[in-house]
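# Commentary on secondary and tertiary structure
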Amino acid sequence: MSSLPPGSNSGLSLRKLWFDPNVRSLVFQLIAVLAVVGFFYYIINNALFNLEQRGITTGFAFLDNSAGFGIIQSLIEYDESYSFGRTFFVGLLNTILISALGVFFATILGFIVGVARLSDNWLVAKIATFYIEIFRNIPLLLQIFFWYFAVLRTLPSPKQSLQIGEAAFLNVRGLYLPKTILEAGSGIVVFAFFACLIATVFIFFWSKRRQMLTGKQFPTFLFNAALMITVPGIVFLLAGSPVHLEYPELKGFNFKGGLTVIPELAALLIALTVYTASFIAEIVRSGIVAVNKGQSEASISLGLSKTQTLKLVVIPQAMRVIIPPLTSQYLNLTKNSSLATAIGYPDLVSVFMGTTLNQTGQAIEVIAMTMGVYLTISISTSIVMNIYNRKMSLVER
Amino acid sequence: MLKKTHLSAAIAAVSLVLTTFGAQAEGDTLSSVKSKGFLQCGVSTGLPGFSNPDAEGNWQGLDVDVCRAVAAAVLGDATKVKYTPLTAKERFTALQSGEIDVLSRNTTWTLTRDASLGLNFAGVNYYDGQGFMVSKELGVSSAKELDGAAVCIQSGTTTELNLADYFRENGMEYTPIVFDTSDQTVKGFEAGRCDVLTSDQSQLYALRIKLADPGSAMVLPEVISKEPLGPVVRQGDDAWFNIVKWSLNAMLNAEELGLTSANVDEMAKGTNPNIRRLVGLEGPKEALGLEPTWAYNIVKQVGSYAESFERNVGTGSPLAIDRGINALWNQGGFMYAPPIR
Ligand SMILES: N[C@@H](CCC(=O)N[C@@H](CS)C(=O)NCC(=O)O)C(=O)O
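Here the residue numbers are simple positions, counted from 1 along each chain's written sequence. To read the labels, note that chains go from A and ligands from 1, taken in the order they are written. In keeping with the model being predicted, local features are shown solely for residues with a pLDDT of at least 70 and side-chain atom pairs are shown and tallied solely at 80 or more, while totals for entire chains, interfaces and linings include all residues. The side-chain numbers reported here are obtained from all heavy atoms of the structure, hydrogens and water having been left aside.

### Quick word on the interface of chain A and chain B
Two residues form a contact once any of their heavy atoms are found within 4.5 Å. The interface of chain A with chain B comprises 52 residues on the first partner and 60 residues on the second. In total, chain A and chain B occlude about 4500 Å² of area from one another, counting both sides; carbon and sulfur atoms represent 57% of this. Taken as a group, R54, F253 and N358 of chain A account for 18% of the area that chain A buries against chain B, more than any other trio of residues on that side. Salt bridges are defined by distance alone: a side-chain nitrogen of Lys or Arg within 4 Å of a carboxyl oxygen of Asp or Glu. Applying the counting rule to chain A against chain B returns 3 salt bridges. Here R168 of chain B and E80 of chain A are joined by a salt bridge, their closest N and O atoms 3.6 Å apart. Contacts described as polar in this section are N or O atom pairs within 3.5 Å, which, within protein, must combine one atom able to donate a hydrogen with one able to accept it, while residues neighboring in sequence count only if both atoms come from side chains. Summed over the shared surface of chain A and chain B, the result is 15 residue pairs in polar contact (both at pLDDT 80 or more). Every helix listed is a DSSP run of H or I at least four residues long, and every strand listed is a run of E at least two residues long, numbered separately from the N terminus. Among the elements that line the side of chain A that touches chain B, the one with the most residues is helix α2 (residues 21–53) of chain A, at 9 residues. Each residue gets one of three labels, nonpolar for Ala, Val, Leu, Ile, Met, Phe, Trp, Tyr, Cys and Pro, charged for Asp, Glu, Lys and Arg, and polar for the others, Gly among them. Partitioned by chemical class, the residues of the side of chain A that touches chain B number 27 nonpolar, 19 polar and 6 charged. Summed over both partners, the accessible surface that disappears when two parts come together, traced with a 1.4 Å probe, is what is meant by buried area.

Structure, rendered in C-alpha cells:
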C-alpha cells in the first residue's frame, strides 16, 4: 500500500476491486440469489393475492378436516373419519410400496435378461433381445392398461375363484392369501426371526472376507437357509406355536380376512417391472460388455467356472458402469408409478393430488406437497446411489 | 386422459400463480365471450341425456342445453358454443383458471364448493339423488344388503363422500374402486371388478344404457343423498353470474307460461304481459346488458325447460326419466323460477 503514489484514490481501488475475479463472481452470485428470492417472493405474493381475489380458500388448515372418502388399500390405519392430512400419508406409503416392489423385481428381472442377452445359447439370447425390444418400445400406459384390462379382467368372479387348497384364491377382485396373525407370546418368535436375519448378513460378509483372505469357500447360502428355517422354527414350537394363519373366506360377495393383493397393484407392478427391466437389461448388458474381455479370459484360464467368472470377476467390475444409469431407472420407475391413477391404484397422485385436491379445491397446496415428495424421493435415491457408487469405484485398482 | 387431469390442475395452479396483480383476475366474462364470438362451456366426458356427443359429434343433453341457452342469450346464436369435456376431477380447476366460461356438467351444489372454491352456483337444472346399480345376478333388492360389497365410483365426486357416509351410518363395510372417468367406471362394473356402481340416480340410468347388456343391471330403490345439479360460474363476476342464472330461469319461466320453440312467435303476438316481458317487448329490456330479445332467443332456439327435459332425459329419450321432483312447482315439483319483471 505504501508503495502506491499519493494520487491513488479510492476510485482506483474500487475499479481494482471490480476487476478482481473473486469479488466479481461474489457480486454476480449475490445478484443471482437476490433475483431468485425476489422472483419467488413475487410469485407467492401474486398467487395469494389472486386466490384471495377469487374467493378461493388458501392455507393448510384443510389437512385437519376429516376426509370422508374411503381408500381401497392402506398400509396404515385409515377410514373415512381420518383427516385429509392422513390421506397424504396413505397415498405416500402406497407410492413407496409400489416403487420399492417395482425396483426389487425390475432389478432381478433386468439382470437376468441382461445376462441372458449375452448368453452363448442362441435361443436364450434371442428371447432376451425380443423381450427387450418389445417392452422397451411400447408406451408404459398402454402396458398398464394391457395387464389391467386385458389380462387381469379375464380372471373368474369370486364365486369361481381359482384356488390352491383352501388357502389362496385368485379372482377378478384380486389375490387372496393367508395372513399371519401374531398372538400373545409371539414376540420371541419375531425376535428370533430378525436375529437370524441379522446373523445371515454377518455370515455373508464374514465368508466373503474369509474367501478374499484365505481363498476358502463357505456354503453361505445353504447355511443361511438352514439357519433361517431351523432357529425361528424351534423357537416357534418351544413358545407353543403363538402364530397362526388367517385364511381368506368367501363371505357374502367377497373374500374376507387374509391378505389381499388388489389387481390394481398387481397390474401396475407387473407393468412397471416388465417395462423398467427391459431398460435395466440393456444397462446390465452394456456394463458387462464394457469389462475388458481379457478379464474373463484370464479368469477362465485360472480355472474359474463361467458362473464364477460372471459373479466374481465381471459383474463387480461392470457395476461401476451400471450404477449411474441404474439410478435414473429407479427414479423413472418411482415417477412412472404415478400412472397408477389411470387404473385406480391409490398412490399419492391418485389419492392426494386426485381425490383430496378435488374435494378440497386447494390445488396449489396439494400440488406443492406432492411435488415436494417426488423431489425428496428423487434426491434421496440419488444420494444413496451416489454413496454406493463411490464405494464401488474404490474397488478399482 | 390421465395426463390431462394433472395437467389441467397444474395449469390452473400456474395460472393462478402467474396472473399479474389485479389484472383481469375475475375479468369481465361477458365482453370476453362477445369478443371471442363463442361460449366455452365445460361439460362431462360423456353422459347420455346430460352431455354426450351424438353420432355426428354434436353435443347434446340437458346440461348442454344450458350452455346453448347462454349462447343464445349472449350471442343470439345457440350454436356458438365450444365444449370442453371434463372429468369430475378436472372441472373446478378448469373453471377457476378461466379455461371455460361456464361449467354445466351434472355438478352438485354443496357448501364447500360454493364457499371455498371461489365459485357460484347459478341455480339448479336437475334435482337428483345418489343411488346404486347392481347386476341382477347378485340377487340383491335393497342397498341395506350391500355389506362387504366392492363399489365402483368416480373420483372427485360427492358420490365418493356420500357412499362413505351411508355405509358407515348403516354399519356396513365396502371396498371403494375409484376411477377417473365414467367410461372406466362402467367398464370396471361390467368386468366384475365391483358388485355395485354408485352415482347420481339419473346418471345410473344414463350409464346403464352404456352397458353392453343394459337388461342385466338394475337400479336399487334407495336414494341416499340430495344432489341438486346446476351450472357454475366464477365468483366475482356478478354480471355474468346473473346472465347464466337468468338464462336458466328463462327456460323455466317459458315452460310456466306455456311457451315452446314452436309457438313462441305466435304467443308473443298476444297480450299476456308476462309473455311480452319475456320476449322483450316490454319491461326490463336492458337489465342484463343483453339484447332485449335474449330470452326470446333462448326459447326460440333451445326451447323451454319442458322441451329440453323431454328431448334429453324424459319420455322422448332412451332414459325415459319421469319429471317427478323436477316438475314445475305448480305441478308438484321443485322447479320454481323468480319472475321476469
Ligand atoms: N353430482 C356429483 C357426481 C358427478 C359425476 O361426475 N358423475 C359421474 C357419474 S359416474 C359422471 O358424470 N361422469 C362423467 C364424466 O366423467 O365425464 C358431483 O357433482 O360430484
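Still more to cover.
### Some remarks on unusual backbone geometry
In this structure, A320 of chain B is a non-glycine residue whose phi angle is positive, near 50°. Position of A320 of chain B relative to the elements: it lies in the segment after α13 (305–312).

### Overview of the sheet that holds strand β3 (residues 174–177) of chain A
All names here are of chain A. Ordered in space as β1-β2-β3-β8, the 4 strands form an open sheet in which the pairing is antiparallel. At either margin of the open sheet sits one strand with a lone partner, and together these are β1 (162–164) and β8 (259–261). Across this sheet, the average inter-strand angle for adjacent strands is 15°, counted without regard to direction. DSSP calls a pair of strands paired once it identifies at least 2 bridges connecting them. When strand β2 (residues 168–171) meets β3, the two strands line up antiparallel, connected through 3 bridges. The residue of β3 that forms the bridge with L170 is L175. All axes are obtained by fitting lines to C-alpha atoms, using only the stretch in contact for helices, and the reported angles, taken between N-to-C directions, cover 0 to 180 degrees.

### Topic: the UniProt feature "domain: ABC transmembrane type-1" (unreviewed entry) in chain A
UniProt positions are given in the numbering used here, feature names are shortened, and annotations may be inferred rather than shown by experiment. Residues annotated in UniProt with the feature "domain: ABC transmembrane type-1" (unreviewed entry) correspond here to residues 92–385 of chain A. The span residues 92–385 of chain A shows a helical share of 69% and a strand share of 10%, and its end C-alpha atoms are spaced 21 Å apart.

### Details of the side chain of D347 of chain A
If you trace the backbone, D347 of chain A turns up in the loop between α10 (306–336) and α11 (348–360). Buried means the residue's accessible area, taken with a 1.4 Å probe over protein chains only, is under 20% of the maximum for its type, while exposed means over 50%, and partly exposed covers the values in between. His residues and chain termini do not enter the charge count, which takes Lys and Arg as positive and Asp and Glu as negative. The buried charged residue D347 of chain A lacks any salt bridge partner; its closest oppositely charged side chain belongs to K89 of chain B, at an N-O distance of 8.1 Å. With residues up to four places along the chain from it excluded, the contact list for D347 of chain A reads G91, N94, T95, S337, S338, A340, T341, F352 and Y374 of chain A.

### Let's talk about helix α2 (residues 29–36) of chain B
All names here are of chain B. Taken together, the buried positions of α2 are T29, L30 and V33. Summarising the axial view, the buried residues of α2 lie within an arc of 100°, below the 170-degree limit, and thus occupy one face. Buried residues along α2 sit against β1 (39–43), α3 (62–75), β14 (232–234) and α9 (238–256). You can read the cap of α2 off the contacts: a side-chain oxygen lies 3.2 Å from the backbone nitrogen of L30, and it is on D28. As used here, the arc is the angular range of directions from the helix axis to the C-beta atoms.

### Remarks on the UniProt feature "transmembrane region" (unreviewed entry) in chain A
Under the UniProt annotation, the feature "transmembrane region" (unreviewed entry) is placed at residues 26–44, 56–76, 88–116, 128–150, 184–206, 218–245, 265–284 and 366–388 of chain A. A distance of 36 Å separates the end C-alpha atoms of residues 184–206 of chain A, which is 87% helix and 0% strand.

### Structural notes on the pairing of β1 of chain B
Residue and element names in this part refer to chain B. Taking burial as the measure, the 5 residues of β1 include 5 buried ones, the bulk of the element. Residues L39, C41 and V43 line one face of β1 and the alternating positions Q40 and G42 line the opposite face, and both faces are buried. Note: β1 against strand β4 (residues 81–85), 5 bridges, orientation parallel. Each bridged residue has a counterpart across the sheet, and for V43 the counterpart in β4 is P85. In this structure, β1 lies alongside strand β5 (residues 102–103), joined through 2 bridges in parallel fashion. Looking at β5, one finds that G42 is bridged to L103.

### Structural notes on the environment of G59 of chain A
All names here are of chain A. With respect to the helices and strands, G59 occurs in the loop between α2 and α3 (84–117). With 120 residues separating them in the primary sequence, G59 and K179 have C-alpha atoms 42 Å apart. Discounting chain neighbours no more than four positions away, the residues touching G59 are Q362 and E365.

### Overview of the UniProt feature "domain: Solute-binding protein family 3/N-terminal" (unreviewed entry) in chain B
The UniProt feature table records "domain: Solute-binding protein family 3/N-terminal" (unreviewed entry) at residues 38–267 of chain B. Within residues 38–267 of chain B, the helical portion is 34% and the strand portion 23%, while the C-alpha atoms at the span's ends are 29 Å from each other.

### Comments concerning the site of the ligand
Residues and elements named next belong to chain B. Any residue with at least one heavy atom within 4 Å of a molecule or strand is counted as near it. In the vicinity of the ligand lie 24 residues, with T45, N106, T108, Q154 and D200 positioned nearest. Within the side chain of R91, a nitrogen or oxygen atom sits 2.9 Å from an oxygen atom of the ligand. At 3.0 Å, a side-chain N or O of R105 approaches an oxygen atom of the ligand. Note on areas: these come from Shrake-Rupley sampling with a 1.4 Å probe, and a residue is covered only by the protein chains present in the view. Bound to the protein, the ligand loses 100% of the 510 Å² it would expose on its own. Of all the secondary structure elements, the ones that give two or more residues to the shell around the ligand are α6 (158–169), β11 (196–200), α8 (201–208) and β13 (227–229). In the shell around the ligand, the residues fall into 5 nonpolar, 14 polar and 5 charged.

### Here we look at the sheet that holds strand β9 (residues 149–154) of chain B
Residue and element names in this part refer to chain B. Read from one edge of the open sheet, 5 strands run β10-β9-β11-β8-β12, paired in mixed fashion. The open sheet terminates on both sides in strands that have one partner only, identified here as β10 (174–179) and β12 (217–219). If you compare each strand with its neighbour and ignore which way they point, the axes differ by 30° on average. Where strand β8 (residues 130–135) meets β11, 5 bridges bridge the pair, whose relative direction is antiparallel. Paired with V134 across the strands is V196, a residue of β11. Strands in contact with α6 are β8, β9, β10 and β11; relative to β8, the strand with the most contacts, it is inclined by about 80°.

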